[in-house]
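# Structural overview for review
Below are the chains, spelled out letter by letter.
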Amino acid sequence: MEEKYIGILTSGGDASGMNAAIRAVTRSAIFNGYRVKGIYRGYEGLIADDIKELTTEDVSNIIQRGGTILKTARSQQFTTPEGRKRAYEVMQQENISALVIIGGDGSLTGARIFAEEYDVVCIGLPGTIDNDLYGTDFTIGYDTALNTIVQCVDKIRDTATSHDRLFFVEVMGRDAGFLAQYSAIASGAEAAIIPEDRTDADQLETFINRGFRKTKNSSIVIVSESPKDGGAMHYAQRVEKEYPDYDVRVSILGHLQRGGSPSASYRILASRLGDGAVQALMAGQRNVMVGIHDNEVVYIPFTEAIKDDKPLDKSLIRILNELSI
Ligand code: F6P
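Residues numbered from 1 in each chain as written. Predicted model: local features only at pLDDT ≥ 70, side-chain atom pairs only at ≥ 80, totals over all residues. Heavy atoms only, no water.

## A few points about the packing of aromatic side chains
One pass over the structure, following the stated rule, counts 8 aromatic pairs. Between tyrosine 142 and tyrosine 182, the ring centres sit 6.2 Å apart and the planes meet at 85°, which makes this aromatic pair edge-to-face. With a gap of 40 residues between them, tyrosine 142 in helix H5 (residues 142-163) and tyrosine 182 in helix H6 (residues 178-187) connect regions that are remote in the sequence. A relative accessible area of 3% places tyrosine 142 in the buried class. The partly exposed category is assigned to tyrosine 182, whose relative accessible area is 31%. Seen in terms of ring centroids, tyrosine 243 and tyrosine 246 are 6.0 Å apart; in terms of plane orientation they differ by 40°. Their pairing is tilted. For the pair formed by tyrosine 243 and tyrosine 246, the shared burial category is buried. Here a set of aromatic residues connected by ring pairs shows up, and it is made of Tyr43, Phe78, Tyr88, Phe114 and Tyr118. Above the face of the tyrosine 134 ring, lysine 307 is positioned so that its terminal group lies 4.4 Å from the ring centre. Lying across the ring of phenylalanine 178, lysine 310 places its NZ or CZ 5.3 Å from the centre. (Phe/Tyr/Trp six-rings, centres within 6.5 Å; stacked < 30°, edge-to-face > 60°. Helix = DSSP H or I, 4+ residues; strand = E, 2+ residues; numbered from the N terminus. Buried < 20%, exposed > 50% of the residue type's maximum accessible area, 1.4 Å probe, protein only. Lys NZ or Arg CZ within 6 Å of the ring centre and 35° of its normal.)

As structure tokens, then:
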């Protein structure tokens, strides 16, 4: 009988800790008697048959490395029925009986559709700095990005204070404010402008009206990149127009938030989730994302995990307001 393989791929934006997860899936699978194939460039590589067997040695010396050794892509082809048909054919040719997909909501949405159309077993791992997947407390890459942001804001603080300036620092997160809200608290920023706090009240005015000038000469406002709100540039331009006495600057942190070596706790998280994917397969699970909730490994159906708007703990908004007086 021909040997069956577990296929593993990373998809969407890279996240630090993906390599630790690739290592964990590969080694846990081999330990438990499976063979593993690495699929390069996400679903693009599945469609193009860019696939190679992974041995335990192939995943040596990667636990500490950012990015993904398998490379990643946002595949347009896989969003089409023709692309998914080709992907299924390649899986058959390569004897891949189950797929482990490490990625964010777009990647897991692709997996959900694929698993509905074809009789394939898909297991997802939450891999995104945005931390926006439902049912898991944390996603691979989030903590490392958060720490990078905090290190950057600490440095910006030095120059902001020296010049008595108001800085708008834009951070990633797409439509989720986790990176912005948590980094604001961790860096002692004066405010965070996040999509989850979008109300009738104008977040900029609320911040200005809190009267930060009474006690502080410099201020840092972390702005979530959320395209609907216009990002840091938008707020800086408004302040220049509406409050011309402020000396305003903008810092957009961009892709440096995605790189770097994963934090120790997230290497452990990725290792637990990677092993969890193999345990899930052995337990006959399919079409679930492996997550972490209350420090326990859990399985969340794809349909749940990719639900919009993972809730952000609103008490954090109050805490930031209280602590930034
Ligand atoms: O989803 C991860 C993420 O880094 C988002 O925070 C950001 O909006 C997006 O990817 C950027 O994507 P790209 O690398 O394609 O510019």
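After that view, the rundown keeps rolling.
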